[in-house]
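Spelled out, the chains give:
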Amino acid sequence: MLQRPRRNRRTAAIRAMVQENHLDPSHLVLPVFVHEHARPHPIASMPGHSRLSISAMVELAQRARALGLAGLALFPALNENQKDAHGTESLNPDGLMQRAIRTLKQQVPELVLFTDVALDPYSSDGHDGVVVGDRIDNELTVPLLARMAVAQAQAGADFVAPSDMMDGRIFAIRRALDEAGYFEVGVMSYAVKYASAFYGPFRDALDSAPRSGDKKTYQMDPANLREAGREIKLDEEEGADILMVKPGLPYADVLHFVRHNTSLPVAAYHVSGEYAMLKAAAERGFIDFDACLLESLLCLRRAGADVIFTYGALEAAQLLAK
Ligand code: PBG
């Protein structure tokens, strides 16, 4: 045999030398859920995660910073009585989200702060846009998203992160940010976001499941890949700074495709259901959580992710520090 691939795997030093992809805490972003209440509210389907008060979230952010994470992705869990059909509370400069952003930027300014732009956390309908009859109205929604983005930029967001999948929102948001003078605030577009069943635990976390219908008229069909090409081309032209693919591992082929069809940084979202599956299987003793988490994240890097949003960010960073 002339070819013996095992020669390059013989010792740890050789393996490290030829390792093609790496995982580092600086690639990882931790999603966090903030609420108005002092006590944490554990999220049953996401062991280890809770809705936190702003001050508890700051402590978590300090841990994230100490472990070398890139940043945080912030999501607000509102009380039902603060929600309405137009997500009005999202614009409140003294609302939960804006206060959380301001506090975080004051206390832990080094972390990159991504803020979610979509109606669902604020919407009594649980949809990412304004519901009119049985439709989600694109034209009514986009101006609201642009105002929400400006409110978050004003509070101190580094990147606003539209996760709503309305058409034309990246352009509208970029223009609104620029008109308000926020030239340096970036837009991380959830450009390729599928209508996935893997978001279940996240909707528990925010109590934001759609009250009627599903999200298939705005999120993408899991059957489609070519359509990802169309979405990323548009968001790039409309001014996005980072493009995201979501969910993560089941869509590794999409991530690979996007990586090879844009020169922008690409993010992957290892979503709530993926995290919940690892936790549940590990709780039953079927898999090793730590090893499967690190493998999942490394596979996302290999598939093309520069940045990874994951609920396992702190655990991964701790493991990588060993
Ligand atoms: C909604 C939003 C969702 C997630 C992030 N932003 C859920 C959805 O589209 O219903 C999911 C994240 C996860 O599952 O971890 N704007």
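Residues numbered from 1 in each chain as written. Predicted model: local features only at pLDDT ≥ 70, side-chain atom pairs only at ≥ 80, totals over all residues. Heavy atoms only, no water.

**Section: the site of the ligand**
Here comes step 1: Near the ligand, the surroundings consist of 16 residues, among which Ser163, Arg203, Lys246, Ser272 and Tyr311 are the closest.
Here comes step 2: One of the side-chain N or O atoms of Lys193 is found 2.8 Å from an oxygen atom in the ligand.
Here comes step 3: Residue Lys246 places a side-chain N or O atom 3.4 Å away from a nitrogen atom belonging to the ligand.
Here comes step 4: In isolation the ligand exposes 410 Å². Once the protein is present, 100% of that is buried.
Here comes step 5: Here the ligand is seated within the largest cavity.
Here comes step 6: Tallied by class, residues from the shell around the ligand come to seven nonpolar, three polar and six charged. (Near = heavy atom within 4 Å. Polar contact = N/O pair within 3.5 Å; in protein donor to acceptor, adjacent residues only side chain to side chain. Areas by Shrake-Rupley, 256 points an atom, 1.4 Å probe, with all protein chains shown as cover. 1 Å grid on protein atoms, 1.4 Å probe; cavity = no way out; pocket = protein on both sides within 12 Å on 5 of 7 lines; lining within 4 Å. Sits in = over half its atoms within 2 Å of the grid points. Nonpolar A, V, L, I, M, F, W, Y, C, P; charged D, E, K, R; others polar.)

**As for the pattern of salt bridges**
Side chains carrying opposite charge are able to pair once their charged atoms draw close together.
Here comes step 1: Taken as a whole and assessed by the stated rule, the structure comprises 16 salt bridges.
Here comes step 2: A salt bridge links Lys83 to Glu80, with the shortest nitrogen-to-oxygen separation between them at 3.0 Å.
Here comes step 3: The exposure class of Lys83 is buried, given its relative accessible area of 8%.
Here comes step 4: In this structure Glu80 comes out as partly exposed when scored by relative accessible area, which is 41%. (Salt bridge = Lys/Arg side-chain N within 4 Å of Asp/Glu carboxyl O. Buried < 20%, exposed > 50% of the residue type's maximum accessible area, 1.4 Å probe, protein only.)

**Some thoughts on the packing of helix H4 (residues 138-155) against helix H5 (residues 169-179)**
Here comes step 1: Two elements in contact, H4 and H5, have axes separated by 9 Å at closest approach and are oriented at 45°. Judged on the interaxial angle alone, H5 and H4 are oblique. Here the hand of the crossing between H4 and H5 comes out right-handed. Here H4 contributes Val142, Leu145, Ala146, Ala149, Val150 and Ala153 to the contact with H5, which in turn contributes Arg169, Ala172, Ile173, Ala176 and Leu177. (Axes fitted to C-alpha atoms, helices over the stretch in contact; angles between N-to-C directions. Helix = DSSP H or I, 4+ residues; strand = E, 2+ residues; numbered from the N terminus. Parallel < 35°, antiparallel > 145°, perpendicular 65-115°, else oblique. Left-handed = near helix turned anticlockwise from the far one by under 90°. Contact = heavy atoms within 4.5 Å.)

**Re helix H10 (residues 289-303)**
Since the α-helix turns once every 3.6 residues, residues separated by three or four places project in the same direction.
Here comes step 1: Over its 15 residues, H10 extends 21 Å from the first C-alpha to the last, a length consistent with the 21 Å expected when each residue adds 1.5 Å.
Here comes step 2: Along H10, the residues that are buried comprise Phe289, Leu293, Ser296, Leu297, Cys299, Leu300, Arg301 and Ala303.
Here comes step 3: Against the buried residues of H10 lie strand S1 (28-34), helix H8 (252-259), strand S11 (266-270), helix H9 (272-283), strand S12 (307-310) and helix H11 (313-321).
Here comes step 4: Of the residues flanking the start of H10, the one acting as N-cap is Asp288, its side-chain oxygen 3.1 Å from the backbone nitrogen of Asp290. (Expected span 1.5 Å × (residues − 1).)

**Brief notes about empty space enclosed by the protein**
Here comes step 1: Scanning the entire structure with this criterion turns up three cavities of 30 Å³ or more.
Here comes step 2: Forming the walls of the largest cavity are 13 residues, and the residues nearest its centre are Asp120, Lys193, Phe202, Lys215 and Lys246.
Here comes step 3: Those elements that place two or more of their residues in the lining of the largest cavity are strand S9 (186-193) and helix H6 (200-206).
Here comes step 4: The calculated volume of the second largest cavity comes to roughly 40 Å³.
Here comes step 5: Lining of the second largest cavity is provided by Phe75, Tyr199, Phe202, Lys246, Tyr269, Val271, Ser272 and Tyr311.
Here comes step 6: Tallied by class, residues from the lining of the second largest cavity come to six nonpolar, one polar and one charged. (Points joined across faces, edges and corners; volume = space filled by probe spheres on them.)

**Quick notes on the side chain of Thr115**
Here comes step 1: Among the structural elements, Thr115 can be located in strand S5 (residues 112-117).
Here comes step 2: Residue class for Thr115 comes out buried when judged on its relative accessible area of 0%.
Here comes step 3: Here Thr115 is in contact with Leu74, Met97, Ile101, Gln152, Ala157, Phe159, Val160 and Ala161, once residues within four sequence places are set aside.

**A word on the environment of Leu319**
Here comes step 1: Mapped onto the secondary structure, Leu319 falls in helix H11.
Here comes step 2: Residues Leu319 and Leu294 lie 25 residues apart in sequence; the distance between their C-alpha atoms is 8.3 Å.
Here comes step 3: Filtering out sequence-adjacent residues up to four positions away, Leu319 remains in contact with Asp290 and Leu294.

**Digging into the environment of Val58**
Here comes step 1: By the element assignment, Val58 lies in helix H2 (residues 54-66).
Here comes step 2: Separated by 98 residues in the primary sequence, Val58 and Gly156 place their C-alpha atoms 15 Å from one another.
Here comes step 3: In contact with Val58, not counting residues within four places along its chain, are Thr103, Leu104, Gln107 and Val108.

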